[in-house]
Amino acid sequence: MITPEKDNTLDSKTYFIETYGCQMNFADSEIVNSIMIEQGHKAADTPENADIIFVNTCSIRDNAERRVWDRLKYFRSLRTRKQQNKTVGVLGCMAERIREKFLDEEKLVDLVVGPDAYRDIPNLLEQVEDGRKAVNVLLSLEETYADIAPVRTTGNGVSAFVSIMRGCDNMCSFCVVPFTRGRERSRSADSIISEITALSEQNYKEVTLLGQNVNSYNDNGTTFAQLMYRACQVNPEMRIRFSTSHPKDFPDELLSIINEQPNICNYIHIPAQSGNSELLKKMRRPYTREEYLVLIDRMRELIPGVALSTDIITGFCGETEDQHRDTLSLMETVNYDLAYMFAYSERERTLAHRKYEDDIPEEVKKRRLSEIIDLQMKNQEAQNAKEVGKTHLVLVEGPSKRDENQLCGRTDTNKMVVFDRKDLERGDYAAVRITSHTAATLKGDVLHKSSIQEFQQHSAAPVLQHA
Ligand code: 5AD
Ligand code: SF4
């Protein structure tokens, strides 16, 4: 645990963290929570009620950054009204990318903190009080925040993120992450297992192990497969998920562990980005379409019933109509259960920015993106239709968004199911028979309360097929 250098309770302030972007950012905000609480500060329920507002930012696409600029302008407007003393800080990827410019040119914020500098927040806040520039965007080769126990103030109390590594060395030509989050480094396996054990003791039922590419996890020789094995032994009734995996390295050993261990979820996020080998090369993704498809076949062979999801970028530099059609045909062939689809957004400092022209007109990108989304919706609809009649083990997450009287939760394969409340509570497992579907959700009847082990005993495979 971190120890405060001085008793700050007299300067106790309220703070609010608004988080944008990937799951990794949400996990980082929980680290910042811990640092602030350790200093004697208290979480506020809204930014309007907070003395200090942090915006944890994302730089992955231009529209993500634009949203943050709008919020910063709004926070600035709060300050010019009544709340003169409000402090506004930018955290995360945009802090790293835009740095001092936030203070010099825009004057919207008081402190700028990159993803590896959160331990410095207490000092930086003091610098703000003293009227000094407060910027720390140093990237680190070692920082993993392993000794800081994240404080989870949001979330459903059932499912938690556990960050297992930071940074990325892959240097995909379109991606700004290696520049904003720095070099890849793995957190110690022992500290990860301690965190999962603590979560289990606090009654969490699901953890998602997070990293830009979890498959390259390496803690002094401990591989991701070995880490997963240790993680799933902590509590056989706790589900283990993981994200994201790069197609360049997915060993059979890992696929076998996923299949064999009942509490490791049969769901893999395996971003393809494109279905065309030439474009993949230009994207600096070190696999071909054919190699990717071999991997998908292997996953389905070694993990029967596995659900797969992907990320797709459309309209990358020089993408031809034929290459776009290759992406559509890859999606048709794989038939993903879920996909995150984006139009290419040029980012400064990346190889693509330096070497290639962002030459696909916006309206073409838009049209290709909608073709990709339409196909995915059609595939998802058909995939979900096949679920009707099957029984899944569902982990109850809480009330359904649409109807307070109904509950929702996910299958092992990460599909959202809505069902009647019965005597179930958040955190229970239930056997649910699927009765209807849309492209996004399943509906089902609760058969009975259950557990991972009980459900496993009653079915050879994790999914029971009814006649
Ligand atoms: N433009 C559009 N999408 C991008 N991604 C990463 N960089 C860009 C970019 N410049 C997407 C990739 C990645 C996901 C997290 O975001 O698909 O897997
Ligand atoms: Fe970006 Fe590629 Fe690293 Fe993912 S693997 S974070 S897309 S550089």
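**Quick notes on the site of ligand 1**
Alright, step 1. Neighbouring ligand 1 are the residues I60, R61, F174, Q273, D311, I313, F342, A343, Y344, S345 and R347.
Alright, step 2. At a separation of 3.0 Å, a nitrogen atom of ligand 1 approaches a polar backbone atom of F174.
Alright, step 3. A distance of 2.6 Å is found between an oxygen atom of ligand 1 and a side-chain nitrogen or oxygen belonging to Q273.
Alright, step 4. For ligand 1, whose accessible area on its own is 400 Å², the fraction buried by protein is 86%.

**Here's the deal with the layout of surface pockets**
Alright, step 1. In this structure, the second largest pocket spans a volume of roughly 550 Å³.
Alright, step 2. Of all the elements in the fold, those that place two or more residues in the lining of the second largest pocket are β17 (390-399), β18 (406-411), β19 (416-420), β20 (429-437) and β21 (442-450).
Alright, step 3. Tallied by class, the residues present in the lining of the second largest pocket amount to six nonpolar, seven polar and seven charged.

**A word on the site of ligand 2**
Alright, step 1. Lining the immediate environment of ligand 2, one finds C168, N170, M171, C172, F174, C175, V177, P178, Q212, H246 and R285.
Alright, step 2. When the residues that make up the shell around ligand 2 are grouped by side-chain class, the tally is seven nonpolar, three polar and one charged.

**Brief notes about the packing of aromatic side chains**
Alright, step 1. In this structure the tally under the stated criterion is seven aromatic pairs.
Alright, step 2. Among the aromatic residues, those joined into a ring-pair cluster are F174, F316, Y344 and Y356.
Alright, step 3. A cation over a ring is seen here: R61 above F342, with NZ or CZ 3.6 Å from the ring centre.

**Structural notes on the sheet that holds strand β14 (residues 267-269)**
Alright, step 1. Pairing within the open sheet is parallel, and its three strands lie in the order β14-β15-β16. Looking at strand neighbours, the two that pair on one side only are β14 and β16 (338-343), the edges of this open sheet. The mean angle between the axes of side-by-side strands here comes to 10°, regardless of whether they run parallel or antiparallel.
Alright, step 2. When strand β15 (residues 307-314) meets β16, the two strands line up parallel, connected through six bridges. Directly across from T314, in β16, lies its bridge partner A343.

**Considering the sheet that holds strand β10 (residues 206-210)**
Alright, step 1. Strand order in the open sheet formed by three strands is β7-β10-β13, with parallel pairing between adjacent strands. The sheet is open, and its two edges are formed by β7 (159-163) and β13 (239-243), each paired on a single side. Strand-to-strand twist of the sheet, defined as the mean angle between neighbouring strand axes without regard to direction, takes the value 25°.
Alright, step 2. Two elements, β10 and β13, share five bridges in a ladder whose sense is parallel.

**Brief notes about helix α14 (residues 362-385)**
Alright, step 1. For α14, spanning 24 residues, the distance from its first C-alpha to its last is 34 Å, which sits close to the expected 34 Å at 1.5 Å a residue.
Alright, step 2. Turning to α14, its buried residues number three or more, namely V364, K365, R368, L369, I372, L375, Q376, N379, Q380, Q383 and N384.
Alright, step 3. Buried residues along α14 sit against β15, α12 (321-334), β16, β20 and β21.

**A closer look at the pairing of β20**
Alright, step 1. As judged from the five bridges shared by β17 and β20, these two strands associate in the antiparallel manner. The residue of β20 that forms the bridge with V394 is A430.
Alright, step 2. Two elements, β20 and β21, share eight bridges in a ladder whose sense is antiparallel. Opposite Y429, over in β21, you have S450 as the bridge partner.
Alright, step 3. Linking β20 back to β21 in an antiparallel pair, the connection comprises four residues.

**A closer look at empty space enclosed by the protein**
Alright, step 1. Tallying each qualifying case throughout the model produces one cavity of 30 Å³ or more.
Alright, step 2. One number sums up the size of the largest cavity: a volume of about 80 Å³.
Alright, step 3. Among the elements of the structure, α1 (23-38) and β7 are those that each provide at least two residues to the lining of the largest cavity.
Alright, step 4. Considering only residue class, the lining of the largest cavity consists of seven nonpolar, two polar and five charged.
Alright, step 5. Counting contributing residues per domain, the lining of the largest cavity is built from domain 1 (14-136) and domain 2 (159-385), each supplying no fewer than three.

**Structural notes on the confidence of the model for the protein chain**
Alright, step 1. Predicted confidence across the protein chain gives a mean pLDDT of 93, with 95% of residues reaching 70 or more.
Alright, step 2. In the model, residues 1-10 has pLDDT below 50 throughout and makes 14 contacts with residues more than four positions away in sequence or in other chains.

**Some details on the nonpolar core**
Alright, step 1. The biggest cluster of nonpolar side chains holds 66 residues, and the ones touching the most others in it are I164, L209, F224, F250 and I268.
Alright, step 2. If you look at the next biggest cluster of nonpolar residues, it comprises 22 residues, including M94, A95, I98 and F102.

**Considering unusual backbone geometry**
Alright, step 1. Of the consecutive residues S243 and T244, the connecting peptide bond is found in the cis state with omega at 5°.
Alright, step 2. Relative to the helices and strands, T244 is located in the loop between β13 and α9 (252-260).
Alright, step 3. Positive phi, close to 55°, is recorded for M171, a residue that is not glycine.
Alright, step 4. By the secondary structure assignment, M171 is in the loop between β8 (165-166) and α6 (177-180).
Alright, step 5. Among the residues examined, M171 registers a relative accessible area of 33% and is labelled partly exposed.

**Concerning the domain arrangement of the protein chain**
Alright, step 1. Taken domain by domain, the protein chain consists of domain 1 (14-136), domain 2 (159-385) and domain 3 (391-464).
Alright, step 2. Using C-alpha coordinates to define each centre, domain 1 is positioned 38 Å away from domain 3.

The rules behind each value
Residues numbered from 1 in each chain as written. Chains lettered and ligands numbered in written order. Predicted model: local features only at pLDDT ≥ 70, side-chain atom pairs only at ≥ 80, totals over all residues. Heavy atoms only, no water. Near = heavy atom within 4 Å. Polar contact = N/O pair within 3.5 Å; in protein donor to acceptor, adjacent residues only side chain to side chain. Areas by Shrake-Rupley, 256 points an atom, 1.4 Å probe, with all protein chains shown as cover. 1 Å grid on protein atoms, 1.4 Å probe; cavity = no way out; pocket = protein on both sides within 12 Å on 5 of 7 lines; lining within 4 Å. Points joined across faces, edges and corners; volume = space filled by probe spheres on them. Helix = DSSP H or I, 4+ residues; strand = E, 2+ residues; numbered from the N terminus. Nonpolar A, V, L, I, M, F, W, Y, C, P; charged D, E, K, R; others polar. Phe/Tyr/Trp six-rings, centres within 6.5 Å; stacked < 30°, edge-to-face > 60°. Lys NZ or Arg CZ within 6 Å of the ring centre and 35° of its normal. Pairing = 2+ DSSP bridges. Axes fitted to C-alpha atoms, helices over the stretch in contact; angles between N-to-C directions. Expected span 1.5 Å × (residues − 1). Buried < 20%, exposed > 50% of the residue type's maximum accessible area, 1.4 Å probe, protein only. Contact = heavy atoms within 4.5 Å. Domains from an automatic or database assignment. pLDDT = per-residue confidence, 0-100. Core = buried A, V, L, I, M, F, W, Y, C linked by side-chain atoms within 4.5 Å.

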